[in-house]
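Chain residues, written in single-letter form:
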Amino acid sequence: MPSLTRVLGAAALGDIGMHFPDTDPKWKGAESAQFLEHAAHLIEELGYQIVNVDTTVILERPKLKDYRLAIREKLAAILKLPLDRVSVKFKTSEKVGPVGEGRSAEAQAIVTVRKSEL
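Reading guide: rules and limits
Residues numbered from 1 in each chain as written. Predicted model: local features only at pLDDT ≥ 70, side-chain atom pairs only at ≥ 80, totals over all residues. Heavy atoms only, no water. Helix = DSSP H or I, 4+ residues; strand = E, 2+ residues; numbered from the N terminus. Expected span 1.5 Å × (residues − 1). Buried < 20%, exposed > 50% of the residue type's maximum accessible area, 1.4 Å probe, protein only. Pairing = 2+ DSSP bridges. Right-handed = clockwise from strand over helix to strand, strands pointing away. Core = buried A, V, L, I, M, F, W, Y, C linked by side-chain atoms within 4.5 Å. Contact = heavy atoms within 4.5 Å. Axes fitted to C-alpha atoms, helices over the stretch in contact; angles between N-to-C directions. Salt bridge = Lys/Arg side-chain N within 4 Å of Asp/Glu carboxyl O. Phe/Tyr/Trp six-rings, centres within 6.5 Å; stacked < 30°, edge-to-face > 60°. Lys NZ or Arg CZ within 6 Å of the ring centre and 35° of its normal.

J.: In this structure, what is going on with helix H3 (residues 32-45)? I would like to understand it.
T.: The end-to-end C-alpha distance of H3 is 20 Å, a good match for the 20 Å that 14 residues give at a rise of 1.5 Å each. Residues Ala33, Phe35, Leu36, Ala39, Ala40, Leu42 and Ile43 constitute the buried set of H3. Looking one or two residues beyond H3, the residue adopting positive phi is Gly47, at roughly 90°.

The structure is reproduced here in structure tokens:
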């Protein structure tokens, strides 16, 4: 999923902890898609429209290239975007640092929004 912080930040809505505190049982066990749907809804309520999303997932294993289209389709559906406005890229950390050693993974996203015309 695109970084929720990027989606929220694109409309100056703060960070994940402000909207999804780990003390709120409502979000316990929730799927990541639910968080993204909620963030997209918050943006829409403020009169913004998500224009496009460019994501990069950085991890050594598993290799995700065979899932690229399915991930793009899922993101496009959640964000109500045409598929050609959702980019998903994968890369490794070339065995350097925690990601390269397989101890963690990273996700980065750039989200473009525009204020909807009235």
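More follows now that the structure is in view.
J.: Can you walk me through the pairing of strand S2 (residues 86-91) in this structure?
T.: Each regular strand carries side chains that alternate between the two faces of the sheet. When strand S1 (residues 48-58) meets S2, the two strands line up parallel, connected through 6 bridges. What sits directly across from Asp54, in S2, is Ser87. In the classification by handedness, the crossover that spans S1, the intervening helix H4 (residues 68-79) and the parallel S2 is right-handed.

J.: Just to check I follow, could you spell out the nonpolar core for this structure?
T.: General note: in soluble globular proteins, nonpolar side chains tend to be found buried as a group. Formed by 24 residues in total, the largest nonpolar core has its most connected members in Val7, Ile50 and Leu79. Broken down by secondary-structure element, the contributors of at least two residues to this core are helix H1 (4-10), H3, S1, H4, S2 and strand S3 (106-115). Looking at this core element by element, the count peaks at 7 residues for H3. Setting aside residues up to four positions removed in sequence, Ile50 forms contacts with Val7, Ala40, Ile43, Leu79, Leu81, Val111, Thr112 and Val113.

J.: Whenever I open this one, the pairing of S1 confuses me. Can you help?
T.: Summarising the sheet, S1 and S3 pair through 10 bridges and their orientation is antiparallel. When the bridges of S3 are listed, Val53 appears paired with Val111.

J.: Whenever I open this one, the sheet that holds S2 confuses me. Can you help?
T.: Backbone hydrogen bonds hold the strands of a sheet together, and the pairing may be parallel or antiparallel. One open sheet holds the 3 strands; their spatial order is S2-S1-S3, and the pairing between them is mixed. Looking at strand neighbours, the two that pair on one side only are S2 and S3, the edges of this open sheet. Each neighbouring strand pair of the sheet contributes to a mean axis angle of 15°, computed without reference to strand direction.

J.: In this structure, what is going on with the pattern of salt bridges? I would like to understand it.
T.: A side chain with one charge may pair with a side chain of the opposite charge, provided their charged atoms come close. Inspection of the entire model under this criterion finds 4 salt bridges. For the salt bridge of Glu44 with Lys80, the shortest nitrogen-to-oxygen distance reads 3.9 Å. Taken as a pair, Glu44 in helix H3 and Lys80 in the loop between H4 and S2 lie far apart in primary sequence, 36 residues in all. Lys80 gets classed as exposed once you look at its relative accessible area, which sits at 63%.

J.: Whenever I open this one, the environment of Gly14 confuses me. Can you help?
T.: The topology assignment puts Gly14 in the loop between H1 and helix H2 (16-19). Leaving out residues up to four positions away in the same chain, Gly14 has contacts with Thr5, Leu8 and Gly9.

J.: Hey, could you run me through the packing of aromatic side chains in this one?
T.: Each aromatic ring pair is summarised here by two numbers: the centre-to-centre distance and the angle between the ring planes. All told, the structure shown has 3 aromatic pairs when counted by the stated rule. Relative to Trp27, the ring of Phe20 lies with its centre 4.7 Å away and its plane at 85°, an arrangement referred to as edge-to-face. For the residue pair Phe20 and Trp27, the accessibility class agrees, reading buried in each case. Between Phe20 and Phe35, the aromatic rings sit 5.0 Å apart at their centres with planes inclined by 80°, giving edge-to-face as the arrangement. Here the residue Phe20 occupies a position in the loop between H2 and H3, and Phe35 occupies one in helix H3, the gap between them amounting to 15 residues. You can call Phe20 buried: its relative accessible area is 6%. Its relative accessible area of 15% is what places Phe35 among the buried residues. Each member of the aromatic cluster is reached from another via a ring pair, and the members are Phe20, Trp27 and Phe35. Here Lys115 stacks its cationic end above the ring of Tyr48, 4.5 Å away from the centre of that ring.

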